[in-house]
Structure formats: structure tokens, C-alpha cells
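Per-entry structural report
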Amino acid sequence: MKELFEKRALLITGKGGVGRTTATAALAMAAARSGKRVLIAEMGEPEEDLAALGRLFGRKTLSADPVPLARNIDGVMLWSRKGHERFISVVLPIAALVRAALRSSALRRMLDAAPSLNELGVFYHMLTLARAESPSGGPAWDLIIIDLPATGHALGLATLPDRVLQILPNGPIARAIHEGKDVFFDPEDSAMLVVTLPETLPVTECLELLEGLRETDMPIGGVIVNKVVGDEFTEAERDVLDPLVNDHDLFGATRFLGIGMVERSLRHLRESTGTPIWRLPELSTEGPGLIHGLSDAVLASSNDSGDVE
Amino acid sequence: MSDDTTAPAHTPPSAADQPIAELILHRKILVVCGAGGVGKTTTSTALALAAARKGRRVLALTVDPSRRLAQTLGVDRNLDTPVSISPERLAEAGIEPPGSLDAWMLDPKLVADRVVHKLAKDPEQIERLMNNRIYKGLSRMVAGMQEYMAMEALHEFHLEGKYDLVVLDTPPSRNALAFLEGPQRMANFLDGRIFQLFVPAGEGGGGFFRRTAGAVIDRVNSMVFGEESYRDIQEFFQSFSGILTTLNKNAGSMIELLGNPDDVGFLLVTSPTDASVSDAHFFRDRTREMGLPFAGFVLNRSQALAGDRTFPATELLGPEPTAVARSALKKLQVLAEVERSEMERDIHLLATLAEESGDSGFALATPTVPGGANDMPSLIHISERLYHAAPYQV
């Protein structure tokens, strides 16, 4: 998966429960261990207790300004209001006007509530971070990895720039959007990765999402199949267990049957999409140990889609 | 599965024993909330199905159905009105008159267009509004529009009186609560003060101070949006002011309607993760703060009920098992250990949720459906399970 670390931005998506946030953290850890300066980002309100990504690095919350989480890894909460503030202060030439605008409760309410202005704020916040420079010049981070909230949001984000350009074809917002597209929609610099599980339904949903994304300009990097359990059962052992789990209501049966489905799901995925596919194993550890273990897997992982290698 | 498809006993269920049954038989609106990926759409479809099977006229409103689920119901996506499930499928689902089940996959643009058609004064106005560039762009946006449009659709169908029960599967979101903020956000957005921002300076009338303030806002807006776009936005707000005012009133009456505990219930679907307890706590708090009737928690994909399973003991292999059989069982036992500890975790989680739900709410568990709810029999299976599900007793 190391080839992904040459990008500027990775956008991680997938249905809830597939381990998107864990995958984000593992990718970040692996990139950091390869010497990249990484920024990881999730969306939400700063300082609220729902910072799932922050939690994996032992922090309850994240703020709208990047903070160090681990060696070579900073973390940030993408926040629409931060984006709005940055945008307004860039667009308005006079500081007093900026302050007045930000104090205006009507404008505040409008920015918070108007459809898509929220998302635009997040988009602009992303852009300011991608543009940020380090004191010694050059980008502040080599790689920005963004944990997108849910499938719907991935499509929403992928279509947002063009929708907004339709409404506002000219002016400062349009210019910012074009600039953002240059970063996040350029296949050289950016890739969206879809995380899924080696099970029937998640694979189907992943394929549906890929199909939707193909109708947008979003560059698709590939699929990460998470929690792949190694099949330790021999054919002969399966023949012994199959009747047992059918005739009795046994602990362990659900997992046993699930393991049997892994290869079939992976094959279905391979046959239905031409994008790269990477596997991450299911590990029994939790917290920092899990992230470290998975980052080992990321560093060792190679494309499993069949047409490469 | 045959025992699940037979009709239940005729004793009326009590809220204490079968809280879901009480909800789907007596309420008019069920709002099903939950973070993405917890099985919210399946749960709300199963609830709608259960109610229809008990003779109610039900509408299932959903935003983001999986293709398979839509196929199971025999409903296409992107239709401009709710469709009735075909008689064959109704029969297959065990729904008999007066019970009926309609479904609608919400498309924000279609809802918005309906609103324009309904509220515009004449065909000429419809034409003008539909061709407004800002409107065209806004109504096609997914991001941020789903909550508004789900609310508007709920309002419309509730008023229509065609349905005894509307089950709303709320739009997917990062946290389970985003939808709760919907009505208030909508009211905020449609607030008159926001219109004022976009009324050209001078036209709003008022004294010197207001005119001056207006001029400043005017300048800010044209710098933020650009001259040309700002003019478009002003035009949008002017042409739509009548419609937006009506929508604002609707949002207001919706907030009132959703607060009625006799008619409405808010359910949180969650799955066994670290976040579920904090989500539940937050949901309970927010519904209370907002005066919305909290109904209960559904802990989905849970193994809490799996206590009747047995541990795969060596005796299963019979006398003198082969080496292969012994090694197979050993491997199965490792998996069994994992599942048993997951069960313990889930029971503990359910108990915490039950405590969180308070006196008037409930917490109950539903199991994982292997392979997902992709066909009618498994959907019926889930709906029967929900209908009969007993709450966790603290």
C-alpha cells in the first residue's frame, strides 16, 4: 500500500462499522513510519467527545487546529466554522469588516444552516490545511488522510464542487472550489479509498459506492478489505464441522461460517471491479497495539486485485 | 423460520412486555435515528412491515436504501411519489387489508419540486422558480438537503392523513443525532432575518442606522459571493420568499407535532461498539432537551440474546474422534471463546442502555441476521422478532 504515500491527500470512506477510522489511523501510522509527515482529519465539532480518530491515539477530543498525536502524525477536526472564518478573512479586505461579519448572528446562522454551506466550510478548511506551509517552506504535511463520515458523505463531497459551481459559477467561492478541485480531485495528488469487509452485504454496498463514485470526478484509489480472517480450517476439518454447526446451536458457528465466506467475497470483489484491492487482517489487539499491528500489515500489503503483480 | 411467520397470539401486547408492538400499533410517526452502518434502514423497514402486517396503513420513508432492500420491497428508487407494494408482494409479506405498505425512497430534488408545485401561485411562477439557477443547484444537492426534505416529506404525509403510520428512516450521518437538529436548523435557515441579509440595501426600508447596516452587509455579501452570484442569490430569496415563509411555518408546526408523545416516538438504533453508550446518552439528553418523545434503544447486531447456544464440547464428536475431528473442534473452540466473550460484552452493553433509557424508555437487543435482510422471509423474520422483543429488565 506504500505507493499511496506518494499522494498529497487520501480520502477514506465506506459504510459505518467497517473500520474506516481504524484503517485511517493504520495508514497514517504506516506513512509516518516511512518518514512522511502526516495529518489525519475527521469531521465534526472540535472539542466534542465524539472524536473517534482522536480516541485511537488516546485523545478524547480534537481541535480545529492540528495537534501532534504521535511521531510524524498530527490530528485535526475539520470544522465548517473554521473554514467559514478562514474564507471570510481571506475574502474581506478589512479586518474590521471581518470581525463585523463574524459577529453578525444572521450571517452565522445562515452559514450554519444553509444546505451545503456547512460542507463548503469543511471543504475550505481541508483546502487551507493542504495549502499550509512548514516554516522551512514546502507543504506542512506530506500527506493528509481524511476519515470521511459515511458513504453518503463521500458521494456528497465528490459532487459538491460541481454542484456549487452550478449555483455560484463566479466569484471568490468559485475560485476556492477550483483550487480545491486541483488538490483533491487530481488523480496525481489525491485518491479516495473505500473500506469494506469480506462479507456479502458490505461487498455489495462497496461496489454500489464505487459505481456512484465513477460518475463523479473523484479519483478512486482502490478498496481496502478490512478484518480479513485467515482461514485455518483444512477441507477435512470443514467436512467435520459443517454438519455439527448445522445440527447444533453452537458458539463459534457464526464466525466459522463467516470465515468460509471470506474468499468468496474477495473473489466477487475482484471480479467486479478493476481497482486495486488491499487486505488488512483482523487482529485481536485493541487501541495503540491494534494501530501499530495494522500499520505493519499496511507496509507489507500489496495489491490483491489480480491484474497487477 | 416458520414459527416467525405465523400470526401472533390475540392477546393485546402491553408496552411493558412488547414495547415495539405498542409503538407500531398506536403511534402515528416513528423516527428511526442512528449512525451509519448500524442497520437502521433494515430496522425501520422491518418496523413498517410489522405494522402493516398488523393491519395498519403504513408508509416507509427512507433515504438511502440498499439496492437489494429496494428490490425486496419491489420499489424503484427516484420515483416522484410513494408507491404501494404490489398485491403479490403484500401477500408474500403477510399483509392483509386494511393493512397496506407504501414505500418511498426520498429524493431531495423531488421533494423540493413537489413543494414548489404545491405552493407556487400559478404555472408561470412554477416555471420561473424551477428555472432559477440557485434553486436548480440547491435542490440537487445531497449534502445538507436530506434532513430538510425528510422533514418536509414527513410533514406532508402526516397532514395528508392517508397513512396511519409513517416510519422515517433518517438520513445517514456521522452521529445519530444530526436529524434531531433538522427542524431547528431548518427554522433557523428560513428565519426572516436571513432573508433580510439578501434584500438589496435600501429596499428594506427602516431608519438611517438600518440602511447603513444594510449597506455594510451588502458589501460583505458581494465580496463573499462575488457581485454576480450575489445578485443571483438576492433574486432567489426574493422569488422564493413566499415559499420559504410557508416552509418555515411547516418547520415550526413540525417541531410542535414531533413533540407529541401520544403520536410520535424517536428510536435510536445502535450496534455494539464503543460509541454506542455515549451515542445513547447523548440521544437521551438531546431528545429531552428538545422536548421530543424518546421511545427507546434498539441494540442491533447484538449477541446478547445468544445465551441458548452451547459451547462446542468434545463430546459432540462422539466416541473415539479422529485426529482431524479433534483438531477441527479445537479451532472451533477458539472461535466459540471469542463469541462467548462478545455475548458477555453485549449483555453488559444492553444493561447500560436499559439504565440510560430511564423509566419511560426501553432498551432491547436484536441479533445479527446472517447474510443481511435481503429477502422477504428474512425481513418478516426480523419484523416479528422486533414485534415480540422484550425489553431488558434492569
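All of the points below concern the structure found in this document.

Cut-offs used in this document
- Residues numbered from 1 in each chain as written.
- Chains lettered and ligands numbered in written order.
- Predicted model: local features only at pLDDT ≥ 70, side-chain atom pairs only at ≥ 80, totals over all residues.
- Heavy atoms only, no water.
- Helix = DSSP H or I, 4+ residues; strand = E, 2+ residues; numbered from the N terminus.
- Buried < 20%, exposed > 50% of the residue type's maximum accessible area, 1.4 Å probe, protein only.
- Contact = heavy atoms within 4.5 Å.
- Areas by Shrake-Rupley, 256 points an atom, 1.4 Å probe, with all protein chains shown as cover.
- Rg over C-alpha atoms; globule rule 2.2 N^0.38 Å.
- Lys, Arg positive; Asp, Glu negative; His and termini not counted.
- Charge placed at Lys NZ, Arg CZ, Asp CG, Glu CD.
- Phe/Tyr/Trp six-rings, centres within 6.5 Å; stacked < 30°, edge-to-face > 60°.
- Expected span 1.5 Å × (residues − 1).
- Arc of directions from axis to C-beta.
- Pairing = 2+ DSSP bridges.
- Salt bridge = Lys/Arg side-chain N within 4 Å of Asp/Glu carboxyl O.
- Axes fitted to C-alpha atoms, helices over the stretch in contact; angles between N-to-C directions.
- Left-handed = near helix turned anticlockwise from the far one by under 90°.

1. Describing the overall build of chain B
Within chain B, the regular secondary structure consists of 16 helices and 8 strands. Going through the 394 residues of chain B one by one, you find that 54% of them count as buried. Considering only intrachain contacts with a sequence separation of at least 6, the fraction spanning at least 24 residues in chain B is 79%. Accessible surface computed for chain B: about 17100 Å², of which carbon and sulfur atoms make up 53%.

2. Overview of the overall build of chain A
Summing up its helical and strand segments, chain A has 12 helices and 8 strands in all. Rg of the C-alpha trace for chain A: 21 Å, near the compact-globule value of 19 Å for 309 residues, within the 12% margin. Overall, chain A is about 80 × 40 × 40 Å in size when its C-alpha atoms are taken along their principal axes. Put simply, chain A has 309 residues, and 58% of those count as buried. Taken as two groups, the 31 positive and 43 negative side-chain charges of chain A have centres that lie 9 Å from each other.

3. A short note on the packing of aromatic side chains
The relation between two aromatic rings is expressed through the spacing of the ring centres and the mutual angle of the planes. Residue and element names in this part refer to chain A. One pass over the structure, following the stated rule, counts 7 aromatic pairs over all chains. Measuring from centroid to centroid gives 5.1 Å for Phe87 and Tyr124, while their planes differ by 85 degrees, and the two rings are edge-to-face. Taken as a pair, Phe87 in helix 3 (residues 80–91) and Tyr124 in helix 6 (residues 117–131) lie far apart in primary sequence, 37 residues in all. Taken as a pair, Phe87 and Tyr124 share a single burial class, namely buried.

4. A closer look at helix 12 (residues 287–300) of chain A
Residues and elements named next belong to chain A. Relative to the 20 Å expected for 14 residues at 1.5 Å per residue, helix 12 spans 20 Å between its end C-alpha atoms, a close match to the ideal helical length. By the burial criterion, the buried members of helix 12 are Leu290, Ile291, Leu294, Ser295, Ala297 and Val298. Axial view of helix 12: buried residues confined to an arc of 155 degrees, hence all on one face. Opposite its buried face, helix 12 presents the exposed residues Pro288 and Ala300, each directed more than 90 degrees away. For helix 12, the elements touching its buried residues are helix 1 (20–33), helix 2 (52–56) and strand 8 (277–281).

5. Some thoughts on the sheet that holds strand 5 (residues 165–169) of chain B
All names here are of chain B. Across the sheet, 8 strands lie side by side as 3-4-2-5-1-6-7-8; this open sheet has mixed pairing. Each edge of the sheet is formed by a strand with only one pairing partner; in this case those strands are strand 3 (83–84) and strand 8 (362–365). Relative to strand 6 (residues 264–270), strand 1 (residues 29–33) runs parallel, the two sharing 5 bridges. The residue bridging Val32 from the neighbouring strand is Leu267, located in strand 6.

6. Remarks on the pattern of salt bridges
Tallied over the entire structure, the rule returns 26 salt bridges over all chains. The shortest N-O distance in the salt bridge between B:Glu384 and B:Arg53 comes to 3.0 Å. Here B:Arg53 lies in helix 3 (residues 40–53) and B:Glu384 lies in helix 16 (residues 376–388), a separation of 331 residues in the sequence. B:Arg53 shares its class with B:Glu384; the two are buried. One salt bridge in this structure joins B:Glu156 and B:Arg114, with 2.5 Å as the shortest N-O distance. With B:Glu156 in helix 9 (residues 145–160) and B:Arg114 in helix 6 (residues 108–119), the pair connects residues that are 42 residues apart, well separated along the chain. When its relative accessible area of 11% is taken as the criterion, B:Glu156 is described as buried. Among the charged side chains, a salt-bridge network with shared partners connects A:Asp65, A:Lys82 and A:Arg86.

7. Here we look at unusual backbone geometry
Residues other than glycine predominantly adopt negative phi, and peptide bonds predominantly adopt the trans conformation. Residues and elements named next belong to chain B. In this model, Pro97 is joined to Pro98 through a cis peptide bond whose omega is 0 degrees. Within the fold, Pro98 resides in the loop between helix 5 (87–92) and strand 4 (100–105). Here the phi dihedral of Arg301 falls at roughly 50 degrees; this positive angle occurs in a residue that is not glycine. By secondary structure assignment, the location of Arg301 is in the loop between strand 7 (294–299) and helix 15 (323–357). Backbone geometry at Glu320 places phi at a positive 45 degrees, although glycine is not the residue there. Relative to the assigned elements, Glu320 resides in the loop between strand 7 and helix 15.

8. Remarks on the packing of helix 3 of chain A against helix 4 (residues 95–103) of chain A
If you want to describe how two helices pack, look at the angle between their axes and the distance between the axes. All names here are of chain A. At a minimum axis separation of 9 Å, helix 3 and helix 4 run at an interaxial angle of 145 degrees. Both helix 3 and helix 4 take part in a crossing whose hand is right-handed. Residues Glu85, Ile88 and Ser89 of helix 3 touch helix 4, and the partners they reach there are Val98, Ala101 and Leu102.

Worth remembering: the numbers are spatial, not functional.
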